[in-house]
Amino acid sequence: MEVKRYRGENMQEAMFKVKVDLGTEAIILHTRKFKEGGFLGLFGKEKVEVVAALEDESCNNRSKEEQQLQSELSQVKQMMRDVLKELEENKLQTSYNNLPDKLKEIVDKLLTRGVKEELVTKISTLVNDRLNSQEIKNSEMITKLFSEEIKARLNRGSPIQFPAQGSKVVALIGPTGVGKTTTVAKLAADFSLKENKDVALITADIYRIAAVDQLKTYSEIIDVPLEVVYDPDELQQALNKFASKDLVLIDTAGRSQNNEMHMSELNALLDRINGVEKHLVLSATTKYRDMLDVILSFQQVGLNKIIFTKLDETKNLGMTLNITNQFEAKLSYITNGQNVPEDIEIFKPEKIVNSLLEE
Ligand SMILES: Nc1nc2c(ncn2[C@@H]2O[C@H](COP(=O)(O)OP(=O)(O)O)[C@@H](O)[C@H]2O)c(=O)[nH]1
Ligand SMILES: [Mg+2]
């Protein structure tokens, strides 16, 4: 501790000096009055002396206090954060608990029916927001809002439509075994028998004898002509031959490692045909990730529409919603059984909505 003395004409002056020199933290140890000048202390002028010191410790203490204060402050801050977080979590928890049962029930239903989680979250959040702005908030309203949101994401169905003049050419493309040939037969039967259209078939699936036979049998039963083609030139010739038909359906080989008709060949085959509408055939039993792979590879060939098959074999109807939500291509048909020609229908969003939401 450093002790210093300060003198002044009066107390104020001495204190002022202490303050200037030692700062406000100075400790006053002692003050006294004394006389300066004169003789033996007589007749001298009265002055003031202040003994002051600046404690090192006071300095230390101060910074210690500051540190302590800082740490207390950050503790308080942390506590506040914890409390706020807890409040927020409680709020979320409470708000989830407060969601109407019907809403939670539909969320479960959509998840079990194969709609992907991310999409279910999105849709149910929107429904809940919309519900909050409604006057009536009963189960019917919740179902109605869900069905609107789902329908908006399913797009309209887009079946085969005929040009005012000339023939319509539709090719079915897709992996092996998804039901292309069966679907070609169903479409041929439907258009020729029910809608009285003049239909012809072409098969480019010449890599499996059985595949040709399969379609040949159908063509005979339905009584429509069939041409088997082996290359793009023959395909063009067959199309010329069928130029007066209303509808020409082309069956193609599935794409697989063992199959010589790879994507590029399929591309080469269909590339030169003007105005061919390509429907990608997907089986609803395929896993979503695999389905995305299939769509991405067939997008190289260019696809206009999507047909979903085998909906009878799965509860995963949500697949249709996942796909239409993610891709622009519209759905044209769905098939739901092996029977030709019965088990096919135009894709109708309402029907999918109902099936997704039904009890
Ligand atoms: N359950 C069911 N089976 C189908 C459906 N469509 C096709 N199939 C069956 O799937 C198998 C493969 O069909 P196919 O038309 O040869 O497929 P492709 O290789 O794509 O031409 C056959 O056993 C068909 O009967 C469907 O909608 N539901
Ligand atoms: Mg086939």
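Colleague: Residues and numbers for the sheet that holds strand E1 (residues 2-8), please.
Modeller: Spatially, three strands are ordered E1-E3-E2 in an open sheet, and the strand pairing comes out antiparallel. One side of each edge strand has no neighbouring strand; the edge strands of this open sheet are E1 and strand E2 (27-36). Geometrically, the sheet is characterised by an average inter-axis angle of 20° between neighbouring strands, direction not taken into account. The sheet contact formed by E2 and strand E3 (residues 45-54) spans nine bridges and is antiparallel. Bridging from a neighbouring strand, Lys35 pairs with Glu46 of E3. Packing of helix H1 (residues 11-22) onto the sheet brings it into contact with E1, E2 and E3, and relative to E1 it is tilted by some 145°.

Colleague: Tell me about unusual backbone geometry, residues and numbers included.
Modeller: Along the chain, Val340 connects to Pro341 via a cis peptide bond; the corresponding omega equals 5°. Within the fold, Pro341 resides in the loop between strand E10 (330-335) and strand E11 (344-346). With a phi angle near 60°, Asn196 is a residue other than glycine that sits in the positive phi range. Tracing the chain through its elements places Asn196 in the loop between helix H6 (180-194) and strand E5 (199-203). Judged by relative accessible area, Asn196 falls into the exposed class, the value being 68%. At Lys310, a residue that is not glycine, the phi angle is positive and equals roughly 60°. Mapped onto the secondary structure, Lys310 falls in the loop between strand E9 (305-309) and helix H11 (318-326). The class of Lys310 is partly exposed, set by a relative accessible area of 26%.

Colleague: Would you mind going over the nonpolar core in detail, with residue names and values included?
Modeller: One finds Leu110, Phe146, Ile150, Ile202, Phe308 and Ile323 to be the most contacted residues of the largest nonpolar core, which totals 63 residues. Formed jointly, this core draws a minimum of three residues from each of two domains, domain 2 (102-154) and domain 3 (168-357). When near neighbours in sequence (up to four residues on either side) are disregarded, Ile202 contacts Leu215, Leu226, Glu227, Val229, Leu235, Ala238, Leu239, Phe242, Val248, Leu249, Ile250 and Asp251. Residues Val170, Val184, Leu187 and Tyr333 belong to the second largest nonpolar core, which totals 23 residues.

Colleague: So what's going on with the pairing of strand E8 (residues 277-283)? Which residues, and what values?
Modeller: Here E8 lies mainly inside the structure; seven of its seven residues are buried. Here E8 shows no split at all, with Glu277, His279, Val281 and Ser283 on one side and Lys278, Leu280 and Leu282 on the other all buried. Relative to E8, strand E4 (residues 168-173) runs parallel, the two sharing four bridges. Its bridge partner lying in E8, Ala171 is registered against Lys278. Sheet topology places E8 next to E9; five bridges connect them, and they run parallel. Paired with Leu282 across the strands is Phe308, a residue of E9. This β-α-β element, E8 to helix H10 (residues 288-299) to E9, shows right-handed connectivity.

Analysis parameters
Residues numbered from 1 in each chain as written. Chains lettered and ligands numbered in written order. Predicted model: local features only at pLDDT ≥ 70, side-chain atom pairs only at ≥ 80, totals over all residues. Heavy atoms only, no water. Pairing = 2+ DSSP bridges. Helix = DSSP H or I, 4+ residues; strand = E, 2+ residues; numbered from the N terminus. Axes fitted to C-alpha atoms, helices over the stretch in contact; angles between N-to-C directions. Contact = heavy atoms within 4.5 Å. Buried < 20%, exposed > 50% of the residue type's maximum accessible area, 1.4 Å probe, protein only. Core = buried A, V, L, I, M, F, W, Y, C linked by side-chain atoms within 4.5 Å. Domains from an automatic or database assignment. Right-handed = clockwise from strand over helix to strand, strands pointing away.

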